[in-house]
Structures are given as structure tokens and as C-alpha cells.
Amino acid sequence: MYQLITYLKHLITATNQHGIHSPFVYDYLTKCLYTSSDYEASKSLSVLLKSISYFSIERTKIISKEDKIENRIQKDFDLDINKSGPFDLIYMDGPKADVISINRKKIHNDSFCLIENIHQNKDSFIIWEELKKDEMVTVSIDLYYCGLLFFRKEQVKEHFKIRI
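This one's a predicted model, so the numbers in the text were calculated from it and none came from an experiment. (Residues numbered from 1 in each chain as written. Predicted model: local features only at pLDDT ≥ 70, side-chain atom pairs only at ≥ 80, totals over all residues. Heavy atoms only, no water.)

A. Looking closely at the pattern of salt bridges. All chains considered together, the criterion is met by 9 salt bridges. Note that R59 and D88 form a salt bridge whose closest N and O atoms lie 3.7 Å from each other. On the criterion of sequence distance, the pair formed by R59 in strand β1 (residues 59-63) and D88 in strand β3 (residues 87-92) is long-range, its members being 29 residues apart. When its relative accessible area of 11% is taken as the criterion, D88 is described as buried. In this structure, K132 and E129 form a salt bridge, with 3.2 Å as the shortest nitrogen-oxygen distance. (Salt bridge = Lys/Arg side-chain N within 4 Å of Asp/Glu carboxyl O. Helix = DSSP H or I, 4+ residues; strand = E, 2+ residues; numbered from the N terminus. Buried < 20%, exposed > 50% of the residue type's maximum accessible area, 1.4 Å probe, protein only.)

Spelled out as C-alpha cells, the structure:
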């Protein structure tokens with residue numbers, strides 16, 4: 001029931017590219033997320049795979065209990081996974097409160113975090129809200145299925161809810 005209510009709220013309050021006034025986020029939506037792709041995957045995995053290609057990711061950290069994400073990334077891309085930082089992408093299968101503080105020295109200006117299941121339950125959403133408040137996070141994008149955190153120093157702190 002919680003997920004249904006939060007999904008309906010998300011649909012009501014979210015926007016598409018026409019409500020975005022950030023050139024960075026607008027380009028990301030129109031040139032990446034809203035494009036068709038050859039990746040057959042869930043919405044979150046599709047966002048991940050498209051983003052890896054769009055941002056030319058080289059080094060990634062995967063925080064997951066399952067190997068399927070790592071295997072899929074290795075199948076489609078030749079990346080350094082879980083090697084040494086700094087990381088271009090940190091992927092998590094669910095919100096974890098200390099992920100930014102643990103990886104603070106391994107995040108650079110063009111890094112981003114993709115976090116799945118941010119609306120899975122109330123606790124996950126509370127952690128997501130806390131992660132958005134971190135001083136290093138300048139842009140957050142709530143796609144309902146997953147969330148993205150960017151650390152761009154030249155960007156004003158903004159939070160977006162987007163329909164995909």
C-alpha cells in the first residue's frame with residue numbers, strides 16, 4: 001500500500017523535461033533518459049546502462065548483495081568495477097545512510113550515485129531524503145524507481161522529481 005500511495009504522489013508532483021530549468025538536467029533527460037535504447041532491462045537498470053554510456057563512465061563501485069548488476073555491466077561495458085577510486089559512478093541496490101561519508105574521498109566533481117528502491121518503504125525514503133541533504137550533493141533526481149545524486153560544484157543545489 002505504501003508503494004502505491006508514494007507512486008501516485010510521485011506521478012502528481014513529478015515533471016518531465018518541460019519543467020526543468022537546469023541545462024545539465026535537461027540535457028541528461030533529453031539526450032540520455034528519454035532516448036530509446038537497445039538495453040532490455042527494468043527501468044532502474046535501463047537508467048543505469050544509459051547513464052554509463054552517456055557519461056562515459058570508466059570506474060564504478062557497486063554496492064549490492066547480488067552479482068547480476070555487476071555481470072550485466074561487464075557484459076555491456078568494459079569497466080573497472082570495485083577497484084580503486086575515484087569512482088565515476090557508485091551504484092547501490094537500496095539507500096544506505098553512510099555511503100557518501102564512506103566514499104567522500106573517492107567521489108569527484110563528475111561522479112554520481114544511482115540508488116535503487118528509494119520508495120520501497122518509509123525507512124528507505126527517509127534515508128534518501130537524508131542523502132539529498134548532504135553538503136556534497138548538488139543535484140538529486142527522483143525517478144521513483146531509483147534516485148540519482150550528483151556532486152557538481154558548479155551547480156546550484158536543486159532537487160527534481162521526474163517521470164520516466
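Now, onward.
B. The environment of F55, seen in detail. Tracing the backbone shows F55 in the loop between α3 (43-54) and β1. For the pair F55 and Y28, spaced 27 residues apart in sequence, the C-alpha separation works out to 9.1 Å. If sequence neighbours within four positions are ignored, F55 has contacts with F24, Y28, F112 and F150. (Contact = heavy atoms within 4.5 Å.)

C. Quick peek at helix α6 (residues 122-133). Helix length check: α6, at 12 residues, gives a terminal C-alpha distance of 17 Å against a target of 16 Å (1.5 Å per residue), a fit within 8%. Within α6, burial applies to S124, W128, L131 and K132. Take α6 and look down its axis: the buried residues cluster within an arc of 100 degrees, on one side only. Residues of α6 that are exposed and point over 90 degrees away from its buried face: K122, D123 and K133. In this structure N121 caps α6, since a side-chain oxygen of it lies 3.2 Å from the backbone nitrogen of D123. (Expected span 1.5 Å × (residues − 1). Arc of directions from axis to C-beta. Polar contact = N/O pair within 3.5 Å; in protein donor to acceptor, adjacent residues only side chain to side chain.)

D. Main features of the side chain of T60. Here T60 shows up in strand β1. Look at T60 and you get buried, because its relative accessible area is 0%. Among the polar contacts listed, one links the side chain of T60 to the backbone oxygen of L89, at a separation of 3.1 Å. For T60, the residues in contact, after removing those within four places along its chain, are L79, D80, I81, N82, F87 and L89.

E. Fine view of the nonpolar core. Counting residues in hydrophobic clusters, the biggest one holds 31 residues, and the most contacted among them are L48, I73, L114, I141 and L148. Residue assignment for this core shows that the elements contributing at least two residues are α2 (23-33), α3, α4 (68-76), β3, β4 (107-116), β5 (139-142) and β6 (146-150). With 6 residues, α2 is the single largest residue contributor to this core. Look past the residues within four positions of L48 in its chain and what remains in contact with it is I69, I73, L89, Y91 and L114. One finds F87, I115, L149 and F151 within the second-largest nonpolar core, a separate group that totals 14 residues. (Core = buried A, V, L, I, M, F, W, Y, C linked by side-chain atoms within 4.5 Å.)

F. Up close: unusual backbone geometry. A positive phi angle is found at S56, which is not glycine, with a value near 50 degrees. Relative to the helices and strands, S56 resides in the loop between α3 and β1. Residues other than glycine seldom take positive phi values, yet N117 does so here, at roughly 60 degrees. Note that N117 resides in the loop between β4 and α6. What makes N117 partly exposed here is its relative accessible area of 31%.

G. Structural context of the packing of α2 against α3. The interhelical angle for the contact between α2 and α3, taken along N-to-C directions, is 105 degrees, at an axis separation of 10 Å. For the element pair α2 / α3, the angle class is roughly perpendicular. When α2 is examined against α3, the residues D27, Y28, K31, C32 and L33 are found in contact with a partner set consisting of V47, K50, S51 and Y54. Its residues placed into classes, the contact of α2 with α3 shows 5 nonpolar, 1 polar and 3 charged. (Axes fitted to C-alpha atoms, helices over the stretch in contact; angles between N-to-C directions. Parallel < 35°, antiparallel > 145°, perpendicular 65-115°, else oblique. Nonpolar A, V, L, I, M, F, W, Y, C, P; charged D, E, K, R; others polar.)

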